[in-house]
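Commentary on secondary and tertiary structure
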Amino acid sequence: MHEYSIAWQIMKKVFEECEFHGFKKVKKLNLRVGEMTMLDPEQLKFALQSISQGTIAEKMKITIKVVPLRIKCGEGHEVPLGKMQPSLTSNTSIPCPICGKPTKMSPLQECVIEEMDAE
Ligand SMILES: [Zn+2]
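All residue numbers refer to position in the chain's written sequence, counted from 1. Side-chain atom pairs in this predicted model are given and counted only at pLDDT of 80 or more, local residue features only at pLDDT of at least 70, and totals for whole chains, interfaces and linings cover all residues. With hydrogens and water stripped out, all remaining heavy atoms of the structure feed into the side-chain values.

Starting at the N terminus, helices and strands are each numbered in turn, a helix being any DSSP run of H or I of at least four residues and a strand any DSSP run of E of at least two. Along the polypeptide, Ser52 turns up in helix α2 (residues 41–52). What qualifies as a polar contact is a pair of N or O atoms within 3.5 Å, subject to a donor-acceptor requirement within protein and to the restriction that residues adjacent in sequence count only when both atoms come from side chains. Polar contacts involving the side chain of Ser52 include one to the main-chain carbonyl oxygen of Leu48, which spans 2.9 Å.

Below, the structure is given as structure tokens:
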């Protein structure tokens, strides 16, 4: 399951961070997930919870925010991509819907830790 491998990567970062700072308990974890990643936030949350069972992150509160992907052209127009191109990959270029110039997509970030609260 895709969510599980992402969850493992996230938890690995969380534990590394805790070890580095000497944290003993993770209280809160806020994640940001790109809209086009096809990740199911509920399944991801479930995967994170099951991985953190019996660890210092066991009781953390998980918040997952889904962010829309945006495209930006050379003229500075920034447009949310929405659901119109579900099969796009990060190296596809589509013309700006406002001026027709080539656009760049904002980085296709699958899942990043936005905030973590630990002590
Ligand atoms: Zn434009």
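Attention now moves to the side chain of Asn30. Along the chain, the position of Asn30 falls in strand β1 (residues 26–34). Using a 1.4 Å probe on the protein chains alone, a residue whose accessible area is under 20% of its type maximum counts as buried, one over 50% counts as exposed, and one in between counts as partly exposed. Owing to a relative accessible area of 14%, Asn30 belongs among the buried residues under this scheme. Contacts are assigned to residue pairs that have any heavy atoms within 4.5 Å of one another. The residues touching Asn30, leaving out its near neighbours within four places in the chain, are Thr63, Val112, Ile113, Glu114 and Glu115.

This part covers the sheet that holds strand β2 (residues 61–67). In space, the three strands of this open sheet follow the order β2-β1-β6, with mixed pairing throughout. Looking at strand neighbours, the two that pair on one side only are β2 and β6 (111–118), the edges of this open sheet. Averaged over all neighbouring strand pairs, the angle between strand axes comes to 15°, with direction disregarded. For two strands to be treated as a pair, DSSP must find at least two bridges joining them. In the sheet, β1 pairs with β6 via seven bridges, with the strands oriented antiparallel. Across the sheet, Leu31 pairs through a bridge with Ile113, a residue of β6. Axis lines are fitted through C-alpha atoms, for helices just across the contact stretch, and the angle between N-to-C directions can take any value from 0 to 180 degrees. Lying over the sheet, helix α1 (residues 2–21) contacts β1 and β6, oriented at roughly 35° with respect to β6.

For the pair α1 and α2, the least separation of the axes is 9 Å and the interaxial angle reads 55°. The pairing of α1 with α2 is recorded here as oblique in orientation. The interaxial crossing formed by α1 with α2 has right-handed handedness. Together, Glu3, Tyr4, Ile6, Ala7, Trp8, Ile10 and Met11 of α1 and Gln43, Leu44, Phe46, Ala47, Leu48, Ser50, Ile51 and Ser52 of α2 make up the contact between the two elements. Throughout this entry, Asp, Glu, Lys and Arg are counted as charged residues, while Ala, Val, Leu, Ile, Met, Phe, Trp, Tyr, Cys and Pro are counted as nonpolar. The remaining residues, Gly among them, count as polar. Considered class by class, the residues forming the contact of α1 with α2 number eleven nonpolar, three polar and one charged. Comment on the angle field: the value is read as roughly parallel under 35 degrees, roughly antiparallel over 145, roughly perpendicular from 65 to 115, and oblique elsewhere. Left-handed describes a crossing in which the near helix is turned anticlockwise from the far one by less than a right angle; the clockwise case is right-handed.

A word on the coordination of the zinc ion. Any N, O or S atom lying within 2.8 Å of the metal counts as a donor, with the limit raised to 3.2 Å for Na, K and Ca; because water is left out of the atom set, some sites can appear incomplete. Binding of the zinc ion to the protein goes through Cys73 (SG), His77 (ND1), Cys96 (SG) and Cys99 (SG), at separations of 2.0 to 2.3 Å. Between 85 and 135 degrees for all angles marks four donors as tetrahedral; over 155 degrees for opposite donors together with 65 to 115 for all other angles marks four donors as square planar and six as octahedral; every other arrangement is irregular. Seen from the zinc ion, its four donor atoms lie at angles of 105 to 115°, and the figure they make is tetrahedral. What makes His77 partly exposed here is its relative accessible area of 24%.

General note: in soluble globular proteins, nonpolar side chains tend to be found buried as a group. Counting residues in hydrophobic clusters, the biggest one holds 21 residues, and the most contacted among them are Ile10, Leu31, Leu44, Leu48 and Cys111. Those elements that place two or more of their residues in this core are α1, β1, α2, β2 and β6. The residues touching Cys111, leaving out its near neighbours within four places in the chain, are Ile6, Ile10, Leu31, Arg32, Val33, Leu39 and Leu44. Residues belong to a common nonpolar core when they are buried Ala, Val, Leu, Ile, Met, Phe, Trp, Tyr or Cys residues joined through side-chain atoms within 4.5 Å. Val79, Leu81, Ile94 and Met105 belong to the second-largest nonpolar core, a separate cluster that totals six residues.

For the rest of this paragraph, the subject is the pattern of salt bridges. Here, a salt bridge means any side-chain nitrogen of Lys or Arg that lies within 4 Å of a carboxyl oxygen of Asp or Glu. According to the stated counting rule, one finds six salt bridges in the structure shown. Here Glu115 and Lys28 are joined by a salt bridge, their closest N and O atoms 3.4 Å apart. Residue Glu115 is found in strand β6, and its partner Lys28 is found in strand β1; the two are separated by 87 residues along the sequence. Residue classification places Lys28 among the partly exposed positions, given a relative accessible area of 26%. Where Lys101 meets Glu75, a salt bridge forms, and the shortest distance between an N and an O atom there is 2.5 Å. Remark: Glu75 occurs in the loop between β3 (70–73) and β4 (78–80) and Lys101 occurs in the loop between β4 and β5 (103–105); sequence separation between them is 26 residues.

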